[in-house]
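# Fold and geometry: a report
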Amino acid sequence: MGTGIGARVARKEDARLLSGQARFVGDLKFPRLLEAAYVRSPLAHGRLKSVTVPAKYKDRVFTASDLTDVLPIRPESSLPGYKASEHYPLAKDKVRFVGECIAICVAPTRAEAEDIADQVVVDIDPLPPLVNAADAKSKDAPLVHDDWDDNLFLTTTFDGDMAFAEKNATVVIEREYNTARQCMNPMEGKGTLSHWDEKAGQLVVYTSTQVPHLIRTGVAQYLQMDQGQVRVIAPDVGGGFGYKCVLQPEELSVSWVARKLRRPVRWVEDRREHLVAGANTRQHHYKIKAYADDRGKLLGLDAEITVDVGAYSVWPFTACLEAAQAGGNLPGPYALEGYRCKTYSVATNKPGFTPYRGVARPGVCFAMELTIDAIARAVGREPADVRRENLVPGSAMPYTNVTGKFYDSGDYQHSISEATKAIGLEAFRKRQKEARAQGRFLGLGFGTFTEQSAHGTKVFASWGLPLVPGYEQAMVKLTPSGSVEVRSGNHSFGQGLETTIGQVASEWLTVDISKINVVMGDTGMTPYSTGAYASRGMVMAGGAVSKAAEELAARIRVHAAHLLQCDAEDVTLKGGKAWRGAASVDFADIARAWYLRPDQLDEDVDTAGLEVTQGYKPDIDTGVFTYATHAAIVEVDAETGKVSFEDYYVFEDCGRRVNPMILEGQTYGGAAQGIGTALFEEVLYDPSGQPLTSTLADYILPGPAELPHFRLGHSETPSPYTRHGIKGVGEGAAIAPGGAVLNAINDALEPLGVEINELPATPHKILSAIIDADHQKEVAG
Amino acid sequence: MTETICITVNGEELTATVPPRTQLAEVLRDHLHLTGTHLGCEQGVCGACTVMMDGRPVRSCITFAGHCDGATIQTIEGGDDPLGQMLTEAFSRHHALQCGFCTPGMLATSRDILTRFPNPDEKLVRHELSGNICRCTGYQGIVAAILDVGSQIDATAHPRTDDVRRAVFTPFEPDEVSGAAPAPATAGSVVQDKDWTVITRSFDLNHPVDKVWGLFSDVSRVASCVPGASVSDVSEDTFSGTVEVSFGPIKARFGGQGTYANNPQSRNGHLSGSGADKNGQSKVRGELHYDIVEKTENTSTVDVKFRFNIQGVLAQFNRPELVTGFVDFLLQRFVANCNSVLSGGTASSDHKISAFSLILAVIKSWFKRSKS
Amino acid sequence: MKPVGFQFAQPETLAEATRMLRDPGEDTKIMAGGQSLGPMLNLRLARPEKIISIAGLSELRVVDEGADFIEFGAALRHAEFEDGSLPEPIDGMMRHVARGIAYRPVRNRGTIGGSLCHADPAADWITALTALGATVRIVSAKGDTRDVDMTRFMHGAYRTEVNSDEIVTSVIVPRYSPSAVWGYYKTCRKVGEFADAIAAWVADPVKRYSRVVFGATAGAPIISVPLSQQIATTGEVPGKDVIKTELERLAPGLDRVKQHLLAVALQRCTKQALNHD
């Protein structure tokens, strides 16, 4: 198999990361470097009356009054009714969330910069804070943005035909669900180091980002520079998960100071800043009315989705991607005829919503999967059966669902059958019964989803975004010594793309991956890519590398044919050599001829050479759909409310697997984050909008003892529409745990009459519900 | 102020001249240019900064320079000994890292686990690994890598036992247990009213009602009973002042202004104020209502209602249960001081009220009112 | 997130340390292991002008074994208790408690005396040592020594009997007979995190000693005399309602979930002690 597609090869990234030789933004060394600290808003909402800087720090502290040539971040959308927000990189006139940047302070060390920040005095007139979406939506609510007439970024309506469902349903389920505001917590926070390169006449921005080419566009646009004057380099990046796929206000203010002072300036987000100002994702509220027949067949769904999107739209995705995705994806993998959905994207005094691994789908999957189980309980059937019968059958593929999603391929029902088998449903029901008799509460829950990955041009264009991804480009080159160099403007921040796109090149060129050098993330050295988000890295960058490598392979064959004295069609590539029968020529010899000994070349040689850049898009723009079923067995300690895992099984299909080891790692990691969402993670606010979870002792991330040993199963249904049949996988596993785990908890607690419909299911929430139910029983009894 | 420390890092003797506040992680990263050690939270929780110090894992974010003089440190850059090599190879083989940011700490902890527990099982590894957070891998590869190396190394060294011999219990009649009775809880409640925390309390003073009213209606005098407060400027209905509070190692000083009013007929009054710490990073607002009634000829009951709201850095922690205890502590001190002043003595000379941030705000308002 | 600038002193003897405390100044802070103070320094919640580090004082790292007690130096680290390298006044309990404190790197630097002085209600030693009937030895700047019973040591959250010119030098724990039993149970959301509820029970028929303690409340650990009595005389796990009623008396107004968790913790620690697991 070698090191091509499908090989379980060790990662190219590992050596430097395991020896302390990686280079994250915080590791970079520059002469005369200044470190930055921010003065941030202590209040959720208020008028900024003054910022007083001690005279001796006038040239070390900068505020909005200095950054007069920086435009506010104002992401636009052409969706009807969308309201744009203006986010100044340093607050001007008004502050709209705790942690909003007010002043940037620079000094030779971070500690000294913080010393200066301590001496800057801010005077803010408090305004009533909007801490939850319900209040912000109400008629007389104060306005987050003074020039709006309400606090709604956007309202969308999908008005399908519900008549059949309403008329024929024998079961109607009504539920409200909540998901918590979360904080993504990549282990490396954001970080930016900018300096002015006099020689190149460029602002060079090293930044911890998933999307270097986008950031180049954003920095140039808002600092009002030509893009040619900006170079963005993403060095090693310590996790992203979506947090680093948008333009950060700090990237602008740090860059502005570096340009102004003509000195390198760096800011590295600390954990407290992250937990306060980066608390920017996941908070949904659902009101659901589901119609089903007496077998539990879903006939229709009527939903209202409210997303608490915080104060500002992020660039370039706006605050509305979340609700747009939620409304479009709620039906998920289910074949559903009647669907009505209204969504609200509500501005509040919290950090602006940023797409997090799974974007909206962890919320919709949670709501949908709990609804399916509620229906199953109502009709007295096994949830796995009800679920299976409602899924789009494999025979219907490709399938266009009620919201117009084009499900390209797959067999969703197969995934639940496999998960049911692997988790041992029947044996479990027996054990569950025995355990209940002993006062132990075991539960089994399923979560099934389908995940649109690598959605392309048309999808983003339909969301009205100003910046729509198109052709992903990559360059593949044979070096003079016969090794391979791959350059991609996409970026790897843990997903192992350096390895997997290298494998794609290896597949075509038959060169061992150890001889393939992959360069990513530097706008000065790589062709344009909109970057890594929406589970698009492997599909898009892999596809582009594939196309370029295929073309390079063809050119190598032409050159080799000349050296081997045959036709190109008679040349095959194997083991890094070109073969004609038993005769072969090394790639090194081919490369030497092109680069160093052109005298050996054919007279009519293809002058395009051994360096190929290609652009790529899948055959469809609507994305390719990965799917999976998660099955969790939990035990709930009904005395403490603590949930522990007995088993956790995932059966997934994400098309062709490029590197099974990396793919499994994505699934483990995604599922772990999903369990964080399900059981632990919650940014709490007090009624003043003060975030209470400003340390990792307050905001709980799951550790190894809290997580299960995951078991995986796979099938491979290649997408007919992408190179190699690859589908995206990065986000998927984070989607289902909320549904699977809460279904398991509710299954466990059914005898106690407890149903939890809110994430995370903390021990406190579970125990409160049990105590309440107990109390009610006593009252009733 | 700087100090020069000598440390041996990865076998090399080095010196660094740094201010005492410098974290060990900063010494390594910024002064010795060993950037393989990462700072993930600086709160002692995430474990990314874990390094080996004198053979034991420590958090380099909460170990400061002064503690490191003479120490022997091993970082990820020095992890090429046989165990280190086995671990790095196993980490790569089992895909135990994705972004790699937590990896330096994971390797240090893995080394420590295998040193203390040869051939551990999965449950133990997961427990011992709990002080290191990984956001990418779900820990599965990390646990597998440690188990893999554990199965390769000699497990006969230092077998560990956590066995506890447990006696069979025979019931008996214990002697009177001298359990100090907890401080009697003060009557009252703590409730949330929108963004205000409202605390009502009722306490008795062993003095006649007129005398007590005399104290409460004199802002300056009553202020002297509030721990940590001082009033600088009192007019007919306004005051300004400061309150300094400390809650364990946390100290804060607030300055602000307020208004007050008293009704001698009904012997009640209120004051309200607001203030901020010196750079405006924490803000407090508070109101105090008090109502003094005769209990007996020589004793009075004081009903107080604090409403307060604190915002900013000091408000941003999730340990609400600590607040109530602190309020009662303050009240006890206040009551004791009132009794003392009413008896002709002086208030305790404690400068700082031990108060949590929220409470601090309350106290401030309290002080101000009392003085006027 | 870096600390404010501070001076740092590392006295070499206890005498030198107490001398430094004669005029400690407003903002001098003693640091033992620094594992709770460290984060507060980094967060700039604690802003001392001067730190006196006592973790290295050899006088604070000794163990004195008496016939009826063991005196542990205040600067002994949690990990040293965990590893069983120190003598035990009651088989296994201090090892067990130490192992549950935060994480190993924290236990490698954190000290028993530091933990007591920090007096976080959710911390382990405060509750465990109260159950064990320990005494804290305190030395003042003047050189006076006084012993404070654990029942009086902690005043409330982050408040103790220790004055700003004093240092805790040791903890004296009575020895228990071989027929003594103990239980210690805490609930946490996550391994190593702050406890939501703690209960401890220590009983020794020979000494006719029984003590039930609840921890992780709003303030100092709470001792229940009636429950101490009841469990000792019956040898049975008390019912939840009984415990809750007692908690209602001892700590009125406790959040109902907290109250419930404390009751469960006591039941479980009693079960553990009585070998009912």
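Residues numbered from 1 in each chain as written. Chains lettered and ligands numbered in written order. Predicted model: local features only at pLDDT ≥ 70, side-chain atom pairs only at ≥ 80, totals over all residues. Heavy atoms only, no water.

## Description of the nonpolar core
Judged by nonpolar contacts, the single largest core of 164 residues is most densely connected at Leu330, Leu679, Val741, Leu742 and Ile745 of chain A together with Phe91 of chain B. The greatest single-element share of this core, amounting to 11 residues, is contributed by helix α9 (residues 361-379) of chain A. Look past the residues within four positions of Ile745 of chain A in its chain and what remains in contact with it is Val634, Val636, Val643, Leu679, Ile756, Ala761 and Ile766 of chain A. (Core = buried A, V, L, I, M, F, W, Y, C linked by side-chain atoms within 4.5 Å. Buried < 20%, exposed > 50% of the residue type's maximum accessible area, 1.4 Å probe, protein only. Helix = DSSP H or I, 4+ residues; strand = E, 2+ residues; numbered from the N terminus. Contact = heavy atoms within 4.5 Å.)

## Some remarks on the domain arrangement of chain A
All names here are of chain A. Once the domains are mapped, chain A shows domain 1 (15-127 + 190-268), domain 2 (359-457 + 620-780) and domain 3 (471-616). Between domain 1 and domain 3, the C-alpha centre-to-centre distance is 38 Å. The partner domain 3 presents 19 residues to the 20 residues of domain 1 that form the contact. Summing the contributions of domain 1 and of domain 3, the shared interface buries around 1,300 Å²; its carbon and sulfur component is 52%. By the criterion of area lost to domain 3, the three top residues of domain 1 are Gln210, His213 and Arg231, representing 43% of everything that side buries. Taken together, the connections running from domain 1 to domain 3 amount to 2 salt bridges. Between Asp522 and Arg231 there is a salt bridge, with its nearest N and O atoms 2.7 Å apart. Within the residue set of the side of domain 1 that touches domain 3, elements represented by two or more residues are α5 (212-222) and β11 (230-233). (Domains from an automatic or database assignment. Buried area = accessible area lost by both parts, 1.4 Å probe. Salt bridge = Lys/Arg side-chain N within 4 Å of Asp/Glu carboxyl O.)

## Quick look at empty space enclosed by the protein
A probe matching the size of a water molecule, rolled over the atoms, marks out where space remains unfilled. Residues and elements named next belong to chain A. Counting across every chain of the model gives 9 cavities of 30 Å³ or more. Taken as a whole, the largest cavity holds about 620 Å³ of empty space. Secondary structure elements with two or more residues in the lining of the largest cavity: α8 (321-329), α14 (497-509), α15 (537-564) and α17 (660-680). Counting residues per element, the lining of the largest cavity draws most heavily on α17, which supplies 3 residues. Of the residues assigned to the lining of the largest cavity, the class counts are 21 nonpolar, 15 polar and 7 charged. Lining the second largest cavity are 25 residues, with His87, Lys190, Gln248, Pro249 and Ala277 sitting closest to its centre. (1 Å grid on protein atoms, 1.4 Å probe; cavity = no way out; pocket = protein on both sides within 12 Å on 5 of 7 lines; lining within 4 Å. Points joined across faces, edges and corners; volume = space filled by probe spheres on them. Nonpolar A, V, L, I, M, F, W, Y, C, P; charged D, E, K, R; others polar.)

## Here's the deal with the interface of chain A and chain C
One frequently used descriptor of interface size is the decrease in accessible area upon assembly of the parts. Counting residues at the interface gives 29 residues for chain A, matched by 22 residues for chain C. Between chain A and chain C lies a buried interface of about 2,200 Å² when both sides are counted; carbon and sulfur atoms form 52% of it. One can count 8 salt bridges joining chain A with chain C. Measuring nitrogen to oxygen at the nearest pair gives 2.8 Å for the salt bridge that ties Asp115 of chain A to Arg44 of chain C. Where chain A meets chain C, there are 18 residue pairs in polar contact (both at pLDDT 80 or more). Every element with two or more residues in the side of chain A that touches chain C is listed here: α2 (110-119), α17 and α19 (763-780) of chain A. If one sorts the elements of the side of chain A that touches chain C by residue count, α19 of chain A sits on top with 6 residues. Looking at the side of chain A that touches chain C, its residues break down into 12 nonpolar, 6 polar and 11 charged. (Polar contact = N/O pair within 3.5 Å; in protein donor to acceptor, adjacent residues only side chain to side chain.)

## Some remarks on unusual backbone geometry
Residue and element names in this part refer to chain A. A cis amide bond links Trp315 with the next residue in sequence, Pro316, at an omega value of 5 degrees. Checked against the element boundaries, Pro316 lands in the loop between β14 (298-308) and α8. At the junction of Met397 and Pro398, the peptide bond is cis and its omega measures out at -10 degrees in the coordinates. The topology assignment puts Pro398 in the loop between α10 (383-390) and β16 (399-400). One non-glycine residue, Gln224, lies in positive phi territory at about 55 degrees. Relative to the assigned elements, Gln224 resides in the loop between α5 and β11.

## A word on the packing of aromatic side chains
Residues and elements named next belong to chain A. In the structure shown here, the tally under the stated rule is 32 aromatic pairs over all chains. On the basis of an interplanar angle of 45 degrees and a centroid distance of 5.3 Å, the ring pair of Phe158 and Tyr339 is categorised as tilted. Highlighted residues: Phe158 in strand β7 (residues 152-159) and Tyr339 in strand β15 (residues 338-346), separated in sequence by 181 residues. Residue classification places Phe158 among the partly exposed positions, given a relative accessible area of 29%. Ring geometry for Phe317 and Phe460: centres 6.4 Å apart, planes at 50 degrees, overall tilted. (Phe/Tyr/Trp six-rings, centres within 6.5 Å; stacked < 30°, edge-to-face > 60°.)

## Describing the domain arrangement of chain C
Residues and elements named next belong to chain C. Once the domains are mapped, chain C shows domain 1 (60-174) and domain 2 (183-273). Here the C-alpha centroids of domain 1 and domain 2 sit 20 Å apart. The partner domain 2 presents 25 residues to the 25 residues of domain 1 that form the contact. The contact between domain 1 and domain 2 buries some 1,800 Å² in all, and 61% of this surface belongs to carbon and sulfur atoms. Summed over the shared surface of domain 1 and domain 2, the result is 1 salt bridge. At the boundary of domain 1 with domain 2, the tally comes to 10 residue pairs in polar contact (both at pLDDT 80 or more). Counting residues per element, the ones that place at least two in the side of domain 1 that touches domain 2 are α4 (93-99), α7 (124-131) and β8 (154-156). Top element by residues in the side of domain 1 that touches domain 2 is α7. It accounts for 6 residues.

## So, the interface of chain B and chain C
Every contact between the two is made by 72 residues of chain B and, on the other side, 85 residues of chain C. Together chain B and chain C conceal approximately 6,600 Å² of surface at their shared face, both sides included; 56% is due to carbon and sulfur atoms. In this assembly, chain B and chain C are joined by 6 salt bridges. Between Arg56 of chain B and Asp83 of chain C there is a salt bridge, with the nearest N and O atoms lying 4.0 Å from each other. The interface formed by chain B and chain C holds 17 residue pairs in polar contact (both at pLDDT 80 or more) in total. Contributions of two or more residues to the side of chain B that touches chain C are made by β3 (50-53), β4 (56-59), α3 (103-116), α4 (122-128), β9 (238-247), β10 (250-263) and α8 (321-342) of chain B.

## Digging into the packing of α9 of chain A against helix α18 (residues 737-749) of chain A
Residue and element names in this part refer to chain A. α18 packs onto α9 with a crossing angle of 30 degrees between their chain directions and a minimal axis gap of 8 Å. Classified by the angle between their axes, α9 and α18 sit roughly parallel to one another. Crossing geometry of α9 relative to α18 is assigned as right-handed. Mapping the contact onto sequence places Phe366, Glu369, Leu370, Asp373 and Arg377 in α9 and Gly738, Gly739, Leu742, Asn743 and Asn746 in α18. (Axes fitted to C-alpha atoms, helices over the stretch in contact; angles between N-to-C directions. Parallel < 35°, antiparallel > 145°, perpendicular 65-115°, else oblique. Left-handed = near helix turned anticlockwise from the far one by under 90°.)

## What about the sheet that holds strand β2 (residues 46-52) of chain A?
All names here are of chain A. In spatial order, the strands read β4-β2-β6; together these 3 strands make up an open sheet with antiparallel pairing. Edge positions in the sheet fall to β4 (94-95) and β6 (121-126), since each of these pairs with one other strand and no more. Judged from the 2 bridges that link them, β2 and β4 form a sheet pairing that is antiparallel. Following the sheet pairing, Arg47 is matched in β4 by Lys94. (Pairing = 2+ DSSP bridges.)

## Looking at the pairing of strand β11 (residues 268-276) of chain B
Residues and elements named next belong to chain B. Alternating positions in β11 separate cleanly, Gly269, Leu271, Gly273 and Gly275 being buried on one face and Asn268, His270, Ser272, Ser274 and Ala276 remaining unburied on the opposite face. Across 9 bridges, the pairing between β10 and β11 is antiparallel. Looking at the pairing, Asn262 lines up with Gly269 of β11. Counting the residues between successive antiparallel strands, the hairpin from β10 to β11 contains 4 residues, one of them, Arg267, with a positive phi of roughly 50 degrees. As judged from the 9 bridges shared by β11 and strand β12 (residues 282-294), these two strands associate in the antiparallel manner. Across the sheet, residue Ser272 finds its bridge partner in β12, namely Glu287. The antiparallel pairing of β11 with β12 creates a hairpin that spans 5 residues between the two strands, and Gly280 there sits at a positive phi of about 75 degrees.

## Observations regarding the sheet that holds strand β13 (residues 209-215) of chain C
All names here are of chain C. The 4 strands lie next to each other as β11-β12-β13-β14, forming an open sheet whose pairing is antiparallel. What marks the edges here is a single partner per strand, and that holds for β11 (181-188) and β14 (222-224). The average undirected angle you get between the axes of adjacent strands in this sheet is 15 degrees. Helix-sheet contacts for α7 involve β11, β12 (195-204), β13 and β14, and the interaxial angle to β13 is about 160 degrees.

## Structural notes on the confidence of the model for chain C
Mean pLDDT over chain C stands at 95; residues scoring 70 or higher make up 99%. Across the interfaces of the predicted complex, the ipTM metric reaches 0.97, alongside a pTM of 0.95. (pLDDT = per-residue confidence, 0-100.)

## Concerning the packing of helix α2 (residues 82-93) of chain B against helix α5 (residues 140-152) of chain B
All names here are of chain B. At a closest axis distance of 8 Å, the pairing of α2 and α5 adopts a crossing angle of 135 degrees. With respect to α5, the axis of α2 lies oblique. In this structure, α2 meets α5 at a crossing whose hand is right-handed. On α5, the residues that touch Leu83, Met86, Leu87, Ala90, Phe91 and Arg93 of α2 are Ile142, Ala145, Asp148, Val149 and Gln152. Split into classes, the residues belonging to the contact of α2 with α5 amount to 8 nonpolar, 1 polar and 2 charged.

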